[in-house]
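Report on the structure
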Amino acid sequence: MCLAVPGKVLSLHERDGTMMSVVDFGGVHKDVCVQYIPDIAPGDYVIVHVGFALQRLDEQSALRTLAEFEHLGVLNEEFGDGFARAAAQAGLDDPRATQPPENPEVRS
């Protein structure tokens, strides 16, 4: 599922001539393009979709939406481990969770 998720701008930086930001989504930090909101500042809240900040949002609305997303499990779905989730949906174990034997027998 692709959602527009509110997040808090933590810092701003330029990358290859494009304004970028580190945005906090309820504890998950992601790099986001903020080029479409030229007067954005650290501490502001934005709505982000597929890595692009689309608009500014007031803090109360952002926090309320993040709390509801957390309650519904949407944040984990959106920002959690997609590989493990895909394996579980396919009825398979996460292959990264399986440890190889410490001393495998070598047979010729």
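For the structure itself, look to the data block above.
Residues numbered from 1 in each chain as written. Predicted model: local features only at pLDDT ≥ 70, side-chain atom pairs only at ≥ 80, totals over all residues. Heavy atoms only, no water.

Time to look at the pattern of salt bridges. Note on pairing: side chains with opposite charge can pair once their charged atoms come close. Scanning the entire structure with this criterion turns up three salt bridges. The salt bridge partner of R15 is D31, with a shortest N-O separation of 1.9 Å. Taken as a pair, R15 in strand β1 (residues 5-15) and D31 in strand β3 (residues 28-33) lie far apart in primary sequence, 16 residues in all. With a relative accessible area of 38%, D31 lands in the partly exposed category. Connected through shared salt-bridge partners, D39, D44 and R56 make up one network. (Salt bridge = Lys/Arg side-chain N within 4 Å of Asp/Glu carboxyl O. Helix = DSSP H or I, 4+ residues; strand = E, 2+ residues; numbered from the N terminus. Buried < 20%, exposed > 50% of the residue type's maximum accessible area, 1.4 Å probe, protein only.)

It is worth spelling out the pairing of strand β4 (residues 45-49) at this point. Among the five residues in β4, four count as buried, and that is most of the element. Sheet topology note: the β1/β4 ladder contains four bridges and is antiparallel. Note that in β4 the partner of K8 across the bridge is Y45. In the sheet, β4 pairs with strand β5 (residues 52-57) via five bridges, with the strands oriented antiparallel. (Pairing = 2+ DSSP bridges.)

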